[in-house]
Amino acid sequence: MLRVGSKVACMTCRNLVSTNMGVRFRIPLQKLHPLSRAIHHRYSANSNPQRPPHRTAARHFTSLSRLPMRPPKPPPGSGGRGHQHQRNFWVARLAARLLRLRYILLGSAVGGGYTAKKTYDEWKDLLPDFSEYNWVIPDFIWELSEQIDLEKLAKALPEIEEIAKLLPDMDKIGENFTFLKSLLSSETSGEPQLKATDAPTIATSESGDKQYKKGLLGEQILIQQQIQRHEEEVQRVAAANNTRPPPPPNPSPPQQKRKSSDKEKLDQLQEELLRNQMKYQRLIERLEKENKELRKVVLQKDDKGIHQRKVKKSLIDLYSEVLDILSDYDSNYNTQDHLPRVVVVGDQSAGKTSVLEMIAQARIFPRGSGEMMTRSPVKVTLSEGPHHVAMFKDSTREFDLTKEEDLAALRHEIELRMRKSVKEGQTVSPETISLSVKGPGIQRMVLVDLPGVISTVTAGMAADTKETIFSISKAYMQNPNAIILCIQDGSVDAERSIVTDLVSQMDPQGKRTIFVLTKVDLAEKNLASPNRIQQIVEGRLFPMKALGYFAVVTGKGSSGESIESIKDYEEDFFQSSRLLRDGMLKAHQVTTKNLSLAVSDCFWKMVRESVEQQADAFKASRFNLETEWKNNYPRLRELDRNELFEKAKNEILDEVIGLSQVTAKHWEAILQKKLWERVSTHVIENIYLPAAQTMNSGTFNTTVDIKLKQWTDKQLPHKALEVAWETLQEEFARFMAEYKGKDQDDIFDKLKEAVKDESVKRHKWNERAMDSLRVIQHNALADRSITDKPQWDAAIQFMEETLQSRLKDTESVIDDMVGPDWKQRWLYWKNRTADQHIRNETKNELERLLKLHDEHTAYLANDEVTTVRKNLESRGVDIDPVLIKDTWHQLYRRHFLQKALVHCNLCKKGFYYYQRHFVDAELECNDVVLFWRIQRMLGITANTLRQQLTNREVRRLEKNVKEVLEDFGEDTEKKMQLITGRRVQLAEDLKKVREIQEKLEAFIEALHKEK
């Protein structure tokens, strides 16, 4: 844009303003619309001197083109001809000007909007892109204006004048120290040393002033540095007074007066310093309380349900998850867990659990008077949250630590878990219990409370309790990155401590040890020399070295004390304690609050120094495991135990579902065949043979009916259900075997066998099915009516096959009794045993008896047995009568079956006689009717069992299999027993190592963002 000042840049604007509008003052160019300047002045000689000449021919002037130059007025003596000409056409010119004006206004509006938009876009493009830096601002800041009334909060903050009143009077302190230095400058030789030591302190103070010169926090830090510097100066002055040469024997009164005034000044200075420390402490507590409330409000923003966000895990939660996985990980590549955690160790009843409770700000652990309460390591993850709650790693229940009933339930649950983890016959357990505690103002860290170290095994303890506690403590402390929080009871003699020697062995240089002296109130009361406490906290009494030394008070010893009352008691004690007043303890060495701050800082410093190294170690372990898998199992997926179990579960369920695809014909054929194999012996031996010994058909039928009724009432339904259940199992096993042939993994064999056995054990056939089956079988056996010739022929065939099978079995038994015949002895060089020789002679004698009496009964008479025995004895064969009867049973059985087969062949044409009920017939085929009744009963029973199987039992089996698989899926130990092998273990290790590495990388990324 052109800036001309107060002058009009062209004749066009001057004519437009002065002539037509009657305005007597000139408008600067800057006051015109930008579009007007662009339109009117871009053709002026000053703005665009390089403009090419216009063609004068056929030139059209419009409201948007360059206006013609206004001719100058004629001189007075010219007669005014030109001026008169203009006056004649002033109406036309006015109309033309007005028409041009509307085009100017329209063009100005359009052009002005376009120019404004273009200017805004150019200004917007010049701004940097701040979207990439949104991660710097936490999510809750964007909603802070909606959640918190910032104006109300600003009004609630104290005024700067009120804060200034709480600050120490630095001018007064400086004057006192100046007076003290000038007073001692003439009598003390340590002034150069004092000045020398002041120089770095002053330099540090100046650098600190530059670093924290803004804000209330900077003022607090400056006060703390000044107080620390004043403490050091007081100690140096006191040391200088102690090292001064002794005064002359008879000091003069002015010297005594001056000495007493020096002492009074020193006491006043110490009292003023102590008061300043108390003021500073109260100021810090007040600000922390306000900050705590503010953070609580901010952290509760998601509880109101206004904005539902995906909750991000905190930094300490990510770290705790890594430690939980590592506690269950057993690497075969020696990838040890060297991630930092705070290990709390101490003698039994030294107060280590109380210290941990003070840090967690809740009485969460079970308590006992003098007895061992911590029986297993307890990992406590401390983090900040809106509510003071606790939760176990494997549970979703939250314990509200502000309610006494929840605290009691939490203590009871911890005690139960400890006792459950201890094996039978043991006192302590190495199994870790994981617990997380969240609350406002809690320092973020991970602590592990270990069982107290003991010196003697008492009654009721296992013999190896002492060694077990030592091994558990050493296992945690030997981690080179573990921070050892050594707890020492200050109320007992230091020489009785056991834990200090143990800590000295694990950390000789004291680079990761923090020493805590508990029960300082009792120590101050009981110890004759308070200097002993000073020696302890300065590290001069024990050979153990440490990073820092702290003195705390954990209450008056009552289990019913609250955390707030203990804090108040601890603060009151140290305010009135001469240990702090006399300079034996420094202000930053006392209270559990300072201890928790120091431990948290040390913990996170150790984490930042070691976590990346640990991530690299697991990365190398992952590479080794992946290389082994590629070399040994190149064509298999990396499925861990749970994934393999799910795969096997699907295969088993598919096999069970396959049972429903079996045809009804197949079921009935299998059931009928198996049922007859199960009951054929009973039918032949207990029904058919006894009935066949009768002399007429009426007695035969009566005997058969009675025995069939007894058999149906007692045994037959049970046998049928047993056959059905066995058939179902065999079909299930057959489907599993067929599926196994389709490239099934052998790793599932043990699991499938266990599932099958457990399902069979749980399955029980419906008892009501037995009653209905009994009725069906009874009705089937009661029917004797053979309707047609095919049924008769089927019964003949069934009888013939049964008798031939029995005859074959009987001949096989006889051959085994008598041994090889002459042909086998000659061809295969076999010989008979002495028993076989005796049985062979007995067989020959009994066969002669059967030839003489073809219609002999099934049993030998006693006289016949005696006759056979005497005949054998006459031939030199000594035999027992029992052996004779046993041999006769098999021979008569063969003889009877042979006769029955002959009779069966005769009955093939006996259907005509059957229709006439065998009246006036020489042939009676009642045995054929018996076999028809048996055959019909088998068919009806098989059909009934098939319906029960397909309609109910297959589904119940499938349900049982699902229940078994669900139970096995929840039992980790069962899965480890049934799915085994190097392949499974390698996949498990790979999964855990990858999970650990991913979580470590996520934690490292979050850690870098927090920096």
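Relevant structure appears above.
Conventions used here
- Residues numbered from 1 in each chain as written.
- Predicted model: local features only at pLDDT ≥ 70, side-chain atom pairs only at ≥ 80, totals over all residues.
- Heavy atoms only, no water.
- Helix = DSSP H or I, 4+ residues; strand = E, 2+ residues; numbered from the N terminus.
- Buried < 20%, exposed > 50% of the residue type's maximum accessible area, 1.4 Å probe, protein only.
- Contact = heavy atoms within 4.5 Å.
- Areas by Shrake-Rupley, 256 points an atom, 1.4 Å probe, with all protein chains shown as cover.
- Pairing = 2+ DSSP bridges.
- Patch = residues over 30% accessible without salt bridge, like charges linked within 9 Å, V, L, I, M, F, W, Y side chains within 5 Å.
- Salt bridge = Lys/Arg side-chain N within 4 Å of Asp/Glu carboxyl O.
- Phe/Tyr/Trp six-rings, centres within 6.5 Å; stacked < 30°, edge-to-face > 60°.
- Axes fitted to C-alpha atoms, helices over the stretch in contact; angles between N-to-C directions.
- Parallel < 35°, antiparallel > 145°, perpendicular 65-115°, else oblique.
- Left-handed = near helix turned anticlockwise from the far one by under 90°.
- Nonpolar A, V, L, I, M, F, W, Y, C, P; charged D, E, K, R; others polar.
- Right-handed = clockwise from strand over helix to strand, strands pointing away.

1. A word on the overall build of the chain
Part 1: Helix and strand counts for the chain come out as 37 helices and nine strands.
Part 2: Counting across all 1011 residues of the chain, residues that qualify as buried make up 41%.
Part 3: Taking the intrachain contacts of the chain between residues at least 6 apart in sequence as the baseline, contacts between residues at least 24 apart amount to 79%.
Part 4: Carbon and sulfur atoms provide 52% of the accessible area of the chain, an area that totals close to 58,500 Å².

2. Regarding the side chain of N479
Part 1: For N479, the location among the structural elements is in the loop between α16 (465-477) and β7 (483-489).
Part 2: In this structure, N479 is in contact with D337, H338, L339, R341 and R512, ignoring residues within four places of it in sequence.

3. Points about the sheet that holds β7
Part 1: Strand order across the open sheet formed by nine strands is β4-β3-β5-β2-β6-β1-β7-β8-β9, with mixed pairing between neighbours. Edge positions in the sheet fall to β4 (399-400) and β9 (548-551), since each of these pairs with one other strand and no more.
Part 2: Across six bridges, β7 lies against strand β8 (residues 513-518) in parallel orientation. Along β8, the bridge assignment pairs L485 with I514.

4. A short note on a nonpolar patch on the surface
Part 1: On the surface, a nonpolar cluster with roughly 620 Å² of combined accessible area is contributed by W822, W826, L827 and Y828.
Part 2: With respect to the helices and strands, the residue W822 is situated in helix α30 (residues 822-828).
Part 3: Relative accessible area serves as the criterion here: at 59%, W822 is assigned to the exposed category.

5. Some words on the pairing of strand β3 (residues 389-392)
Part 1: In this sheet, β4 lies alongside β3 in antiparallel orientation, the contact comprising two bridges. Its bridge partner being in β4, A390 is matched across the sheet by F399.
Part 2: Counted along the chain from β3 to the antiparallel partner β4, the turn is six residues long.
Part 3: Of the strand pairs in this sheet, β3 and strand β5 (residues 433-439) are connected by four bridges, and their pairing is antiparallel. The residue bridging A390 from the neighbouring strand is V437, located in β5.

6. Some details on the packing of aromatic side chains
Part 1: The final tally for this structure, using the stated rule, is 14 aromatic pairs.
Part 2: Ring geometry for Y319 and F1003: centres 5.0 Å apart, planes at 45 degrees, overall tilted. Of this pair, Y319 sits in helix α13 (residues 315-327) while F1003 sits in helix α37 (residues 982-1010), and the two are 684 residues apart along the sequence.
Part 3: You can call Y319 buried: its relative accessible area is 0%.
Part 4: For F1003, a relative accessible area of 0% translates into the label buried.

7. Section: the packing of helix α31 (residues 834-852) against helix α32 (residues 862-874)
Part 1: Put simply, α31 and α32 touch, their axes get as near as 10 Å, and they point 125 degrees apart. Considering the angle they form, α31 stands oblique to α32. Seen from above, α31 lies across α32 with right-handed handedness. Here α31 contributes E841, T842, E845 and L846 to the contact with α32, which in turn contributes V868, N871 and L872.
Part 2: For the contact of α31 with α32, a count of residues per class yields three nonpolar, two polar and two charged.

8. With respect to the pairing of β8
Sheet faces and side chains relate simply in a regular strand, where the side chains alternate between the two faces.
Part 1: Here β8 lies mainly inside the structure; six of its six residues are buried.
Part 2: Handedness of the crossover joining β7 and β8 through helix α17 (residues 499-506) is recorded here as right-handed.
Part 3: Sheet topology note: the β8/β9 ladder contains four bridges and is parallel. Each bridged residue has a counterpart across the sheet, and for I514 the counterpart in β9 is G548.

9. Remarks on unusual backbone geometry
Part 1: A positive phi angle is found at Q361, which is not glycine, with a value near 65 degrees.
Part 2: Checked against the element boundaries, Q361 lands in the loop between α14 (352-360) and β2 (378-384).
Part 3: Q361 sits in the buried class, given a relative accessible area of 19%.
Part 4: Within the chain, T591 stands out as a residue other than glycine whose phi angle is a positive 75 degrees.
Part 5: By the element assignment, T591 lies in the loop between α21 (578-581) and α22 (592-632).
Part 6: T591 gets classed as buried once you look at its relative accessible area, which sits at 16%.

10. A closer look at the pattern of salt bridges
Part 1: Counted according to the given criterion, the structure contains 45 salt bridges.
Part 2: Where K999 meets E321, a salt bridge forms, and the shortest distance between an N and an O atom there is 2.9 Å. With K999 in helix α37 and E321 in helix α13, this pair connects stretches of sequence that are 678 residues apart.
Part 3: Under the relative-accessibility criterion, K999 is labelled partly exposed at 24%.
Part 4: Among the salt bridges present, the one from D394 reaches R417, with a minimum N-O distance of 3.1 Å.

11. Describing the packing of α22 against α37
Part 1: Two numbers describe how α22 lies on α37: the axes approach to 9 Å, and their chain directions differ by 150 degrees. Of the possible angle classes, the one that applies to α22 and α37 is roughly antiparallel. Taken as a pair, α22 and α37 cross one another with a handedness that is left-handed.
Part 2: Taken together, the residues that form the contact of α22 with α37 break down as 16 nonpolar, four polar and eleven charged.

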